[in-house]
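Chain by chain, the residues run as shown.
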Amino acid sequence: MYPEKFGFLFKRNATGKRAIKQAIEKYGKKEILDIIQKIILPTDNHPILHYVFRYIPNLAEDFICRYPNVVMLKDRHGRHLLHIAVKRGLKMSSHLLMIIHCNKQCLEEIDPVTNLYPFMLVATSGFKKDLSTIYNLLCYRPEVPTKCFDDDVKLRPEAISWCFDDDNST
């Protein structure tokens, strides 16, 4: 798990708790976040926010203010933070707006893991589909849906199928 030296923070122990959550419970959130920030410097190119959004999204606000430059990075799979955040169900919020404004180009890039555009990730995520987030993502880059029909773009079938589902509200 990346970063290799710090991946233990996000692993679960025998009781099912992540190491970082256990440490916060024992020593306090501010102390643990300060220690992490001393070890993983904000100037380092570690995509720690990608893992925070993936494994402990309830701490995203605490991490995003400590690592604002990391918003621009891709993880080892080539994913932008936006791809991970919307796949995890992050709705239109100040965090999502910050991610978008720091890197507007990521709205136009297909997620290399799912082969979906960000607005499609929102639509196909396992979380409740949020039409306002889809709408806002499309407003920032209205040309993206036309790219879906380009011959050189190979989308998975589920990328469009959500439009035709009988129940789009789940």
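**Student:** What exactly am I supposed to notice about the environment of Cys102 here?
**Tutor:** With respect to the element layout, Cys102 can be found in helix H6 (residues 94-102). For Cys102, a relative accessible area of 35% corresponds to the partly exposed category. Separated by 31 residues in sequence, Cys102 and Val71 place their C-alpha atoms 6.9 Å apart. Beyond its immediate sequence surroundings of up to four residues, Cys102 is in contact with Val71 and Met72.

**Student:** What is the right way to look at the nonpolar core in this model?
**Tutor:** Side chains of a nonpolar character, in soluble globular proteins, are inclined to be buried together. In terms of nonpolar packing, the biggest core is built from 43 residues, with Ile36, Leu49, Phe53 and Phe63 touching the most fellow members. Contributing elements (two or more residues each) for this core: helix H1 (19-27), helix H2 (29-39), helix H3 (48-55), helix H4 (60-64), helix H5 (81-87), H6, helix H7 (118-124) and helix H8 (131-140). Beyond its immediate sequence surroundings of up to four residues, Phe63 is in contact with Ile20, Leu33, Ile36, Ile48, Leu49, Val52 and Ile56.

**Student:** For this particular structure, what's the right way to read the side chain of Thr114?
**Tutor:** Considering the arrangement of structural elements, one finds Thr114 in the loop between H6 and H7. Polar side-chain contacts of Thr114 include one of 2.8 Å to the side chain of Asp111. A distance of 3.4 Å separates a polar atom in the side chain of Thr114 from the backbone nitrogen of Leu116.

Analysis parameters
Residues numbered from 1 in each chain as written. Predicted model: local features only at pLDDT ≥ 70, side-chain atom pairs only at ≥ 80, totals over all residues. Heavy atoms only, no water. Helix = DSSP H or I, 4+ residues; strand = E, 2+ residues; numbered from the N terminus. Buried < 20%, exposed > 50% of the residue type's maximum accessible area, 1.4 Å probe, protein only. Contact = heavy atoms within 4.5 Å. Core = buried A, V, L, I, M, F, W, Y, C linked by side-chain atoms within 4.5 Å. Polar contact = N/O pair within 3.5 Å; in protein donor to acceptor, adjacent residues only side chain to side chain.

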